[in-house]
Amino acid sequence: AQTVTQSQPEMSVQEAETVTLSCTYDTSENNYYLFWYKQPPSRQMILVIRQEAYKQQNATENRFSVNFQKAAKSFSLKISDSQLGDTAMYFCAFITIFTGNQFYFGTGTSLTVIP
Amino acid sequence: DTAVSQTPKYLVTQMGNDKSIKCEQNLGHDTMYWYKQDSKKFLKIMFSYNNKELIINETVPNRFSPKSPDKAHLNLHINSLELGDSAVYFCASSQGISGANVLTFGAGSRLTVL
């Protein structure tokens, strides 16, 4: 079974500080893609970052970076220099090559950036 | 120009009514989806269409019927609405069914059943 676990339902961070959101997943597949999506209060789901499982190098996107540990099936998101606009729900997700377009989402982490 | 647009954004209706939510994407994507987000923010796939063909149909009551007139549109019709149908429904699209493809979401439609 394919599952995604986000063990931190809520987190907070001071503006300009760094925060790490955790995500673990379970799959028997070897080829898959991992994602972090952000859902601000506006409700719009926005892609934050994507990681290909076959790549050892961790993906980065400006202030957002991931720590991908394939053996541990862990995919954490680090947000540096947190900004008020980072306040949102963050969802970890993955898709395997052979299940086509079946995305599996975690239950989300609500992040609040405190001024 | 909105990439994935869904209407209406808000829908309040009585139990037993029938309602539809429309979705259109202008990205040229082949695959479209409906997701349901419940009050606990859990996202669950309902349906997926690839080039107008149904390819994912999760365990969803048959009161929910998707329709894809062309690959740019995927509508969701719900019959005999129940209280438990209250949720935010997201339409999404992706270029194809490869795992390399990213989901692009619409803004969501909040359905409230009274």
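Just so it is clear, the structure is predicted and the values come from calculations on it, not from any experiment.

## Focus on the overall build of chain B
Assigned secondary structure in chain B consists of zero helices and eleven strands. For chain B, the sequential pattern of α-helices and β-strands runs β-β-β-β-β-β-β-β-β-β-β. Taken over the C-alpha trace, chain B has a radius of gyration of 13 Å; the compact-globule value for 114 residues is 13 Å, and the two agree within 12%. For the C-alpha atoms alone, the extent of chain B along its principal axes is close to 40 × 30 × 30 Å. Here chain B holds 114 residues, and the buried ones make up 45% of them. Counting only contacts in chain B whose residues sit at least 6 apart along the sequence, the fraction spanning at least 24 positions is 54%. When the accessible surface of chain B is split by element, carbon and sulfur atoms take 49% of a total near 5,500 Å². Of the charged side chains in chain B, 12 are positive and 10 negative; the average position of the first set lies 6 Å away from that of the second.

## A word on the layout of surface pockets
Gaps left between atoms show up when a probe the size of a water molecule is rolled over them. Size it by volume and the largest pocket reaches roughly 210 Å³. Surrounding the largest pocket, 14 residues form its lining, F103(A), Y104(A), F105(A), F42(B) and L43(B) being those nearest its centre. In terms of residues, the lining of the largest pocket owes the most to one element, strand β5 (residues 43–50) of chain B, which gives three residues. Broken down by class, the residue content of the lining of the largest pocket amounts to eight nonpolar, four polar and two charged. Considered as a void within the structure, the second largest pocket measures approximately 180 Å³ in volume.

## A look at the interface of chain A and chain B
Each partner contributes to the interface: chain A provides 21 residues, whereas chain B provides 31 residues. Counting the contacts that link chain A with chain B gives zero salt bridges. Every element with two or more residues in the side of chain A that touches chain B is listed here: β5 (32–39), β6 (46–52) and β10 (88–96) of chain A.

## Looking at the pattern of salt bridges
Residue and element names in this part refer to chain A. Tallied over the full model, the rule gives seven salt bridges over all chains. Between D26 and K73 there is a salt bridge whose closest N-O contact spans 3.5 Å. Placement of D26 in strand β4 (residues 24–26) and of K73 in the loop between β8 (64–69) and β9 (74–79) is noted, with a sequence separation of 47 residues between them. Overall, the relative accessible area of 38% leaves D26 in the partly exposed class. Residue classification places K73 among the partly exposed positions, given a relative accessible area of 26%. Taking the shortest distance from any N to any O, the salt bridge between R50 and E52 comes out at 3.0 Å. R50 sits in the partly exposed class, given a relative accessible area of 28%. Among the residues examined, E52 registers a relative accessible area of 11% and is labelled buried. Members of the salt-bridge network, linked through shared partners, are R50, E52 and K55.

## Some thoughts on the confidence of the model for chain A
A residue-level look at chain A finds 97% of positions with pLDDT of 70 or above and a mean pLDDT of 92. The least confident element of chain A is strand β11 (residues 104–105) of chain A, whose mean pLDDT is 90; the most confident is strand β3 (residues 19–21) of chain A, at 98.

## Examining the pairing of β6(A)
Bridge count for β5(A) against β6(A) is six bridges, and the pairing is antiparallel. Paired with Y33(A) across the two strands is E52(A), which belongs to β6(A).

## Some points on the environment of T7(B)
All names here are of chain B. Position of T7 among the secondary structure elements: in strand β1 (residues 4–7). When its relative accessible area of 48% is taken as the criterion, T7 is described as partly exposed. Residues T7 and K36 lie 29 residues apart in sequence; the distance between their C-alpha atoms is 15 Å.

Conventions adopted
- Residues numbered from 1 in each chain as written.
- Chains lettered and ligands numbered in written order.
- Predicted model: local features only at pLDDT ≥ 70, side-chain atom pairs only at ≥ 80, totals over all residues.
- Heavy atoms only, no water.
- Helix = DSSP H or I, 4+ residues; strand = E, 2+ residues; numbered from the N terminus.
- Rg over C-alpha atoms; globule rule 2.2 N^0.38 Å.
- Buried < 20%, exposed > 50% of the residue type's maximum accessible area, 1.4 Å probe, protein only.
- Contact = heavy atoms within 4.5 Å.
- Areas by Shrake-Rupley, 256 points an atom, 1.4 Å probe, with all protein chains shown as cover.
- Lys, Arg positive; Asp, Glu negative; His and termini not counted.
- Charge placed at Lys NZ, Arg CZ, Asp CG, Glu CD.
- 1 Å grid on protein atoms, 1.4 Å probe; cavity = no way out; pocket = protein on both sides within 12 Å on 5 of 7 lines; lining within 4 Å.
- Points joined across faces, edges and corners; volume = space filled by probe spheres on them.
- Nonpolar A, V, L, I, M, F, W, Y, C, P; charged D, E, K, R; others polar.
- Salt bridge = Lys/Arg side-chain N within 4 Å of Asp/Glu carboxyl O.
- pLDDT = per-residue confidence, 0-100.
- Pairing = 2+ DSSP bridges.

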